[in-house]
Amino acid sequence: MRYVGFSTGALALGDFQAALQMLAGKNCSAVELSALRQEELGPLVAQLDHLDLSNFRYVSFHAPSAIEPVFEADVLRLLEQVALREWPIIVHPDAMSHPREWARLGQHLCIENMDKRKPIGQTASDLDCIFETLPNAFFCFDIGHARQVDPTMSEASAILQSFRDRIRQLHVSEVNTQSKHDCLSLESIIAFQRVSHLVPVDAPIILESRVEESEINEEIQSALAALDPATQLAVAGD
Amino acid sequence: MPDAKSTASASSNLLALDPLREARQVSITVREDLDALLSTKSGKYASEDTSLVVFGSLAREEWTSKSDLDWTYLIDGGANSDHLKISQEIQKHLKEAGYVEPGPTGIFGNMAFSHDIIHQIGGQFDTNKNTTQRILLLLESSPIGRRTEAYERVIRAVINRYLEEDVHPLTRDCKSYRVPRFLLNDIVRFWRTMAVDFASKQRDRAGEGWGLRNAKLRMSRKLIFASGLLVCFSATLDTDLNGQISTDKDAIKLKLVNHIRDRVRMTPLEILAKSIELYGVPDTTGKQLFGAYAEFLDLLNDQESRNALKGLHASDSRTNATFRRVRDMSRVFENALDHIFFVNPRVAPLTRKYGVF
């Protein structure tokens, strides 16, 4: 059974308690605790001992998406506490001012491919450079970002062919032209199905779609359908 | 001066005639049913870049039991080969659900792209299909479901495009907006194109469906034209709009775009009703116009009458009882329109100035 769940940031921005309440009683076996803004990191790390995560078989942690260089060392110290829990820590490549320092997180470091807005990390060749610097890092494949960068899914295919063995988890949503995370439309589902055969079947799915609580289960079903290799429509790029 | 008898409640009463009210309610239900059907079968069938748009009687809120379902999968985004798959999937589900497919011209029942609709206004690449999609998008369209961003963007872009070509949106004294001539001319052209195509279709289809097409030309197609003219005239006649004229050049155009957008959000019948109210058209004229139109919808909703019209050839039109009814109601309808456009002291001068020459 594939682990699937939501990012707390998608459901309730920085209010991780509210997000966890929204997920209670839903078909979620996974959760990603998000501290997308730098100022959210300390409070979230401080609360980790007090969160009831017993319903989740898989837990990951999203580091701030932008980190001021002067705070990078502090952020790393906090994330080292998270790493002690053996959770994957999702990091945006452009958030690291001194990438080599991040090797301290070891195999818990999980680099995410980026959307169009970001200066690096969108393509297979970008990621190649990053993993050269951080050879022990794992990979969070954001299929929505990959589709936004190249709707034909050729780049997604190239990324998957190069880095599928590093994949630790998936980010799934429809990323719109403003780089916001929308619910999965039929258009994005069809696109994802094109590369679903290249996605490791056991990679946990973390949804980043901004949904109402009532839409959580439906969105999970859409994501599972989009990544089911049995429903693959046409092969792109391989 | 407005006729004292003409009031806001009188115009809303016009829309409350039984056949019009029933058709409106059924249309809203059918549109909701369509969204539910496609959401069940295909999930989120529209997206940020795509909207499902209906036209014709469903958009005008005049749905009758045997209406065609005219729809298009409107795309305003990057080229993507999956759009065809989605369009075909929509087509399949609608057909399986028993909706009457659009006519054979290919204008509806498939994809439409915003670029041509917005950029090709006039010129040799503005095909009949493109003109039809564009004008109907403005005057009789409605998006289905919640994802309407693409639809809204395209409508506003089309309105903007028309207004960009009008260099002076205000009169010389800057006291009122001028009639947007580019838009008006395209609406007039579209009406004439429909009339010419009526003859062309008669030839192409060996007279098949003549009676129904003729009835629609006399009533629903003419209604679209009249409502389009009134939208254009409203730029000059609307006191609220003209009361907001500012010295900021950008605001001048933006206010007109917003005004036209608000007007075309209404159905053609609502535009007529509002105009009757605003321009002091006598109650009797309003009642004639809406009474005749209600009778027309009643007739289309009656399967026997509809079939009689569908099977009627031009050669039998003078002796056919159903068509005689159509002719009678369309005369009443036209007389009422004549009164609005040629007698009403506010509208008639604009008809004279812009309607023909």
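Residues numbered from 1 in each chain as written. Chains lettered and ligands numbered in written order. Predicted model: local features only at pLDDT ≥ 70, side-chain atom pairs only at ≥ 80, totals over all residues. Heavy atoms only, no water.

Right, let's talk about unusual backbone geometry for a bit. Located in the positive-phi region is Glu86(A), a residue other than glycine, with phi close to 70°. Mapping Glu86(A) onto the fold places it in the loop between helix H4 (72–83) and strand S4 (89–91). Positive phi outside glycine occurs at Cys174(B), with the angle close to 60°. The residue Cys174(B) is located in the loop between helix H7 (149–164) and helix H8 (181–204) in this model. (Helix = DSSP H or I, 4+ residues; strand = E, 2+ residues; numbered from the N terminus.)

By the definition in use, this model includes 32 salt bridges over all chains. Note that Asp74(A) is salt-bridged to Arg77(A), the shortest N-O span being 2.3 Å. With Asp74(A) and Arg77(A) both in helix H4 and three residues apart, the pair spans about one turn of that helix. Residue Asp74(A) is classed as partly exposed on the basis of its relative accessible area of 35%. Judged by relative accessible area, Arg77(A) falls into the partly exposed class, the value being 47%. It is possible to trace a salt-bridge network through shared partners that takes in Asp182(A), Arg210(A), Arg147(B) and Glu149(B). (Salt bridge = Lys/Arg side-chain N within 4 Å of Asp/Glu carboxyl O. Buried < 20%, exposed > 50% of the residue type's maximum accessible area, 1.4 Å probe, protein only.)

All names here are of chain B. Confidence in the prediction for chain B averages 92 pLDDT; 97% of positions are at 70 or higher. By mean pLDDT, helix H1 (residues 8–15) is the weakest element of chain B at 75, and strand S4 (residues 142–144) is the strongest at 98. ipTM for the predicted complex: 0.73, alongside a pTM of 0.86. (pLDDT = per-residue confidence, 0-100.)

The next subject is the nonpolar core. Counting residues in hydrophobic clusters, the biggest one holds 88 residues, and the most contacted among them are Leu137(B), Phe233(B), Leu272(B), Phe290(B), Tyr293(B) and Phe341(B). The greatest single-element share of this core, amounting to 16 residues, is contributed by helix H9 (residues 210–237) of chain B. Leu137(B) has contacts with Val53(B), Phe55(B), Leu74(B), Ile117(B), Thr132(B), Tyr151(B), Val154(B) and Ile155(B), leaving out every residue within four places of it along the chain. Formed by 73 residues, the second largest nonpolar core is a distinct cluster that contains Phe16(A), Val45(A), Cys183(A) and Phe192(A). (Core = buried A, V, L, I, M, F, W, Y, C linked by side-chain atoms within 4.5 Å. Contact = heavy atoms within 4.5 Å.)

Moving on, we get to the packing of aromatic side chains. Residue and element names in this part refer to chain B. This model, assessed by the stated rule, comprises twelve aromatic pairs over all chains. Both rings, one in tryptophan 210 and one in phenylalanine 323, keep their centres 5.2 Å apart while their planes meet at 45°; by these two values the pair is tilted. Of this pair, tryptophan 210 sits in helix H9 while phenylalanine 323 is found in helix H15 (residues 321–343), placing the two residues 113 residues apart along the sequence. Take tryptophan 210: its relative accessible area is 8%, and that puts it in the buried class. (Phe/Tyr/Trp six-rings, centres within 6.5 Å; stacked < 30°, edge-to-face > 60°.)

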